[in-house]
Structure formats: C-alpha cells, structure tokens
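Breakdown of the fold
What follows is the residue order along each chain.
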Amino acid sequence: MKSRWNEAEAKQFAGDPLAMRVYTSRLLGADEDLVMHGGGNTSVKTRETDFFGDPVGVLHIKGSGWDLKTIEKPGFAPLRLEPTRRLATLDTLTDLDMARLLRSFLLDPGAPSPSVEAILHAIIPGAFVDHTHADSVVTLSNNPRGERLLADLYPDCLILPYIMPGFILSKQVADAIRGLDLSECAGIILHHHGVFTFADDARTSYENMIGLVDRADRYIAERAPGPLPRADSRPEPLRLAAVRRAVSRVRGRPQIAMLDASPDGAGYASRADIEAIASRGPITPDHVIRTKRTPAIIPAEPGEGAPAVDAFADDYRAYFRAHASPGHTMLDPAPRAAVWKGRGTIAFGDSAKECAIIADIARHTRRAVQTGEALGGWQALPPRDIFDLEYWSLEQAKLAKGAGATPPHQGKVAIVTGAARGIGRAACEALAEAGAAVVGLDIDPGVADALRAHGAAGIACDVTDAGAVRRAIEQTVLTYGGLDIIVCNAGIFRSGERLEAHTDDTWDRSLAVNLTATQRFITAAIPFLKLGCSPTILVVGSRNVPAPGAGAAAYSVSKAGLTQLARVAALELAESGIRVNIVHPDAVFDTGIWTEDALRRSAERYGMTVEQYKTKNLLRREITSREVAALLSTLAGPAFAATTGAQIPIDGGDPRVI
Ligand code: ZN
C-alpha cells in the first residue's frame, strides 16, 4: 500500500480544511483495496460561525450517496458537533431515531444525510478522521487466528471485537476510549469491519491509514503462496441465458447477468473446493446489501442452471426463517452473484451499472477468500451477524419507502440493427432510456462512437454476414446475460429505377440486406429469445408494403417479403411467448436512406416540390425517427403484451392505407 500524498497538490488546499478533506478522501477512494462503491467515510471538524454570527463546532461528515473516489465539498454533511457527540452519552437509541436526529443537527437542511458512523467520527479525537474497510485488514480478521494476528500486528492500536454498525457501535467505541489517552494510538481496528485513523492534520491521518493497511498487506504478501489460480473459460451463451432467466423468474423482474470469465474468475470457479469456500460469507457484513450472504453455485454440467437457482432461493428462505423476528419483511430470494463452476463468476442486477458494482465486490471477495484459505482458513462472520446487517432497520426503512417508478425495460437486453443513424439509433436511445441494455449493429465502423452518447454499445458488423451477426448476438449475451428485444431495422433504399431499367445489383442488394439478412438475424436470435423475459421481435417495414409506389420495386418487394416473414414468425413463435410486430413508417426523412438526391427524385415522381412531398400525408407532417423509436419501445413493453402479428402504420395517415 503506497501513499498517494502529493505535496504540490496538497499545498493548494492549505487553509481550507474542507478542501483538504476532499483531497485526502479522494486519495483513499482512489484505492479499491481500501474502499469500494460508497464504502468507508471521512470527516473533518471545524469551528465556524452560524447564521447569527455565533461560533459553532461543525463535523463535516461524508453524506450517504457519495463515493470517496469522486466526493466534492457538497458531499459532506455539516453537523453541529456538540449534539452529535452528545448522542453517544445516551443509553439507548434506535438507528432510525439516530438517523432522524442527525438530520435535525444539520446546519444545511439541503445537505445529504450524514453517514451512520457520524457519532463515531464526532467522538474520535483529531480534526481529521479517516475510516476504510481495507481488504487486507478484514481478510486477517476473517481467519480462525484473526484476533491473535491483529493483536500482534497492531500493538499500537485499539482493537475492538465486531459489533453491528450504527448506534451500538458508537457506544462501544465511546466506552472503549473513555478516559484513554489516544495521543500515542495509531488507529482503531474494528474486527470484520475496518480501520479508523485520526489526527489534527489531514496528512498524518491519511498516512497513518496507509501505514496500518500496509502492515496487513505485507503480512499477507510474505505468507500467501504465489499467484492465485487462473484458468481458461469457454462459457456457453445459451446456458448463461438459461441461468439469467431462472434468476429473473425468482427476482420477479428481468435481470442483467454479467459474466466474469477472466482467467482469475475462471480459476476461482475451477477450484475443487469452490463450493465450500465460496459459501462461507462476505468480506465484511456491509457487502451483504449488494451481494447477499453467499453466491449461487451453478454446476459445470449442462442443463442444471434453474434447479441451482431454485436451491439458492430455498436456502435463502430457510436463512430468513432461521433469523427473522416478527416485523421483518423478507427480501426477494434471488441471488445477486453466482459461481459458475469452470466458467467464472456472474453478477445479477437491474442494470449493467449495478452488476459492475457487484462484480467488483465479487472480484475483491474471491481474492480475499483465496488468500484467507492460504493463510489458515477463510472464516467469515456467522450468518446471524450478516442477517442483522441485511435486515437492519435502516435498510428495511428504505425498502418500505419503495423504489419509485421502474423504467419499462429495466433489466432487459436489446439488439438493434442498422443502428448508427436514423430510426436505428433513435431506437437504441429510446430502449436505453427505458432501462434496457442495448447493443446496436451497423456496417459503419463508427457505430460504437455514434451510440456511446446515447447510452448504448455498438458492434461494427455487416448484417449480410450471417456469421458476424451470430457472433454479435453471442457477444451481447455473454456481456449482459441474455436477449429479450430485437429490432430488425437495417435496410437500404434505392429509388428511381423503373422495372424496364432495373439493375440486378439494386434488386440483389435490396433483397440481401432488407430481407435475407433479417431472416438470418431472426433465426439466430430465436434460441436466445426463447430464454428471454417478455421476448419480442420488432420489424421495421414500410408504408410501401400496403401502398407501393412506382420506381421502387426492389425496396417494396423486400419489405413486403419482410412483412410476410414477420407474420410467419408471429405464428411460429407465439407458443414460445415471443411477440412479433411490424411498424410501417413513412415520411421519415431524418434517416440515412434519404439523401437530398433521393428526396428530389421521389418528389419529381409525384410531380411535387420536396416540401410538398415531405408532408403529403393526411396529417400534413413529417415523422421523426424519435417518433418511430418511441412506438417501437412502446410495442416492446407491457401495453402491447397481448399483441402479436400486428402491422402498425406510422405515416401521418395515408388514404391508400386507411
Ligand atoms: Zn464502516
């Protein structure tokens, strides 16, 4: 563990304690081995004047929802120091009352809620207090000889046994330090939880933290045997999709499943003792909120994903029954993480972002577990302690408040073809806004860049290359766990060729891109859609299907074939719960198809100006790509759950269609 202190950088913040607090908090946050994803907290005590000009002691403590890695001044909640400190003198206080009282001590009611460890920060001496959940220190804690190990390693620290965070932890520390002279104390070590350091200057408190954690790092490095096991992984996308469906079913909503098949992940999942060591519990109890106490174990053999997920859910219900008190509300029994034997680890969540957090914790956990095993045995806290944190009143209160409105496609995975511009790009954006993880395919090598700003990923791929499309589907499934929505949008349009002068190339290309490629795409996607959540196929047809125009035979025929293909798909796939619907847009001119030249020629054919041509429908309006995308997203959602085989015009009204 190296200090990241930089004197030149730090100098800028001299004389501004809160700015200095931001600086060293970010130094701690920069190291994942110290704190992760909102873990840990820091504070600084200042003397200020209040609104009336009266002097007041202030504890600026990290607010909830802020991460040390990126925290800024507004991320610190300014608490009146004296009443906060005084809370520790109470004999009892519920954590819900503590949270409410702390909010009432805020000097700024608009500030974020102060950390639940605020009282601790108030009673620990020193202007600056740093607190981390350092991997290496808790790894040593999670050892059968943990007490002895930490006592030997930290003779200059106050070491306290594990106790649940919240008011009772503050009481424990308050009792332990009462009457003690802490001027020679390098820090406070909390078993199975983390480390506190403190000093009147930011640098000393920070450097003490690094020094203490470095001792544990070195102890482990000197004794742990060599590098962790690594293995190659060949995960089967269909099996991953089946596991993801099973987890979504138990969770009651679609889940993203993010596979980590890295050599480290596969090495861990390939250990002979994996079942035993993976299910002993988390590094620290607070991880349970994101990961649950244990991962599901998915067997290496094919076809047994769903029973393994059900077995996890049964175990979870038994764990709840064993530890719950009246008034506890059971959380959903679905796993948040899994070990897939021989393949790697999987994170489950509502979004790719949530999965990435779980995956990070899983990565640190597997390292800690394996290191712990090598040092004499990984031994997490007993399930009772983990349960108490998982069902902590403060967490249950959040649950009662509800999660708010859920976006309609949250947890779903979508692929859109022809995604670099026009309707395809707008569809990617609309589906991503509605919560889906979206991958756009396009022959344009810039597709990934084109979609990044719209919240979607891109894969450059020629849709007429069936192998490339299959690989893109598999890549999508291996990234997000499954496939629920496909939008068949890629198409080309060459106008102005009457039949007597029709070129073979226009005909062949139109059918290859608009029709044959879509058939190959749908055929390749079906096995995954069968394992999807509310799976649906959306086909972008054309007004040309019900009302063809002269001079566009190849386009009209390919789109008519596409429509017939979609109708057959609706007939065949209904028994698998897959809906297939078609939209027939017209007058959408903000797409790649409509070059100025194509527009002029089409207008000429109708004997109109371009402006007249653009608004020649009954409603006298252009249709935007965004409007078509909104219709596609709505069609994929619950409003159309009972609709399949439908053809919906979005053309401003065409008398020939009506
Ligand atoms: Zn903590």
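Cut-offs applied
- Residues numbered from 1 in each chain as written.
- Predicted model: local features only at pLDDT ≥ 70, side-chain atom pairs only at ≥ 80, totals over all residues.
- Heavy atoms only, no water.
- Pairing = 2+ DSSP bridges.
- Helix = DSSP H or I, 4+ residues; strand = E, 2+ residues; numbered from the N terminus.
- Axes fitted to C-alpha atoms, helices over the stretch in contact; angles between N-to-C directions.
- Contact = heavy atoms within 4.5 Å.
- Salt bridge = Lys/Arg side-chain N within 4 Å of Asp/Glu carboxyl O.
- Buried < 20%, exposed > 50% of the residue type's maximum accessible area, 1.4 Å probe, protein only.
- Donors = N, O, S within 2.8 Å, 3.2 Å for Na, K, Ca; no water.
- Tetrahedral: all angles 85-135°; square planar, octahedral: opposite > 155°, others 65-115°.
- 1 Å grid on protein atoms, 1.4 Å probe; cavity = no way out; pocket = protein on both sides within 12 Å on 5 of 7 lines; lining within 4 Å.
- Points joined across faces, edges and corners; volume = space filled by probe spheres on them.
- Nonpolar A, V, L, I, M, F, W, Y, C, P; charged D, E, K, R; others polar.
- Phe/Tyr/Trp six-rings, centres within 6.5 Å; stacked < 30°, edge-to-face > 60°.
- Lys NZ or Arg CZ within 6 Å of the ring centre and 35° of its normal.
- Parallel < 35°, antiparallel > 145°, perpendicular 65-115°, else oblique.
- Left-handed = near helix turned anticlockwise from the far one by under 90°.
- Disulfide = S-S within 2.5 Å.

1. A short note on the sheet that holds strand β14 (residues 457–460)
An order of β14-β13-β12-β15-β16-β17-β18 is seen for the 7 strands of this open sheet, with the pairing classed as parallel. In this open sheet, the two edge strands, each paired with only one partner strand, are β14 and β18 (647–650). Taking the axes of each pair of neighbouring strands and ignoring which way they run, one obtains an average angle of 20° across the sheet. Where strand β12 (residues 413–417) and strand β15 (residues 485–488) come together, 3 bridges link them in parallel fashion. Note that in β15 the partner of Ala-414 across the bridge is Ile-485. Packing of helix α21 (residues 504–529) onto the sheet brings it into contact with β12, β15 and β16 (536–540), and relative to β15 it is tilted by some 175°.

2. Structural notes on the pattern of salt bridges
Overall, the coordinates contain 43 salt bridges when judged by the stated rule. The salt bridge partner of Arg-421 is Asp-444, with a shortest N-O separation of 2.9 Å. In this pair, Arg-421 is assigned in the loop between β12 and α18 (422–433) and Asp-444 in the loop between β13 (437–442) and α19 (447–452), connecting sequence segments 23 residues apart. Classification of Asp-444 by relative accessible area gives partly exposed; the value is 22%. The shortest N-O distance in the salt bridge between Arg-600 and Asp-597 comes to 2.3 Å. Here Arg-600 and its partner Asp-597 are both found in helix α23 (residues 596–605), 3 residues apart, which amounts to about one turn of the helix. Its relative accessible area of 39% is what places Arg-600 among the partly exposed residues. Judged by its relative accessible area of 35%, Asp-597 is partly exposed. Among the ionic contacts, a cluster of salt bridges with common partners joins Arg-251, Lys-292, Asp-332 and Arg-336.

3. Overview of the coordination of the zinc ion
Within the first shell, the zinc ion binds the protein through Glu-117 (OE), His-131 (NE2), His-133 (NE2) and His-193 (NE2), at distances of 2.0 to 2.6 Å. Angles of 81 to 157° at the metal separate the 4 donor atoms of the zinc ion, which places the site in the irregular class. Spacing between the donor residues of the zinc ion along the chain follows E-x13-H-x1-H-x59-H. With respect to burial, His-131 and His-133 carry one shared label: buried.

4. Describing the layout of surface pockets
What the second largest pocket holds in volume is close to 830 Å³. Taken together, 41 residues form the lining of the second largest pocket, with Asn-489, Gly-491, Ile-492, Phe-493 and Ile-593 sitting closest to its centre. Put simply, the parts of the chain that give the lining of the second largest pocket at least two residues each are α18, β13, α21, α22 (553–573) and α23. Ranked by the residues each element gives to the lining of the second largest pocket, the list is headed by α18, at 3 residues. In terms of residue class, the lining of the second largest pocket is built from 19 nonpolar, 13 polar and 9 charged.

5. Brief notes about the packing of aromatic side chains
Scanning the model with the defined rule gives 14 aromatic pairs in all. Ring plane angle 85° and centroid distance 5.5 Å describe the contact between Phe-51 and Phe-52, whose orientation is recorded as edge-to-face. The exposure class assigned to Phe-51 is exposed, which follows from its relative accessible area of 78%. Ring centres 5.2 Å apart and planes at 55° place the aromatic pair Phe-320 and Tyr-391 in the tilted group. Here Phe-320, found in helix α14 (residues 305–323), pairs with Tyr-391, found in the loop between α16 (383–390) and α17 (393–401); they are 71 residues apart in sequence, far enough to count as distant. A relative accessible area of 12% places Phe-320 in the buried class. Stacked on the ring of Tyr-606, the Lys or Arg Lys-616 has its end atom at 4.9 Å from the ring centre.

6. Brief notes about the packing of helix α10 (residues 237–251) against α14
Axes are the key here: two packed helices are described by the angle between their axes and the distance separating the axes. At their nearest, the axes of α10 and α14 sit 8 Å apart, and the two run at 30° to each other. Here α14 runs roughly parallel to α10, going by the angle between their axes. For the pair α10 and α14, the crossing hand works out as right-handed. On α14, the residues that touch Val-243, Ala-246, Val-247, Arg-249 and Val-250 of α10 are Gly-305, Ala-306, Val-309, Asp-310 and Ala-313. Counted by class, the contact of α10 with α14 contains 7 nonpolar, 1 polar and 2 charged residues.

7. Some remarks on the state of the cysteines
Considering all chains together, one arrives at 0 disulfides under this definition. Residue Cys-428 stays outside any disulfide, its sulfur separated by 13 Å from that of Cys-488, the closest cysteine.

8. A closer look at the pairing of strand β4 (residues 128–132)
With 5 of 5 residues buried, β4 lies mostly within the body of the structure. Where strand β1 (residues 41–49) lies against β4, 4 bridges are found, and the strand directions are antiparallel. Its bridge partner lying in β4, Thr-42 is registered against Asp-130. Pairing of β4 with strand β7 (residues 194–199) involves 5 bridges; the strand directions are antiparallel. Residue pairing across strands places Phe-128 opposite Ala-199, the latter belonging to β7.

9. Some remarks on the sheet that holds β7
Within the open sheet, the 7 strands sit side by side as β3-β2-β1-β4-β7-β6-β5. Their pairing is mixed. Each having just a single partner strand, β3 (76–80) and β5 (157–160) make up the two edges of the open sheet. Within this sheet the neighbouring strands show an average axis-to-axis angle of 20°, counted without direction. Its contacts with the sheet put helix α9 (residues 202–223) on β4, β5, β6 (187–190) and β7, and the angle it makes with β7 is roughly 150°.

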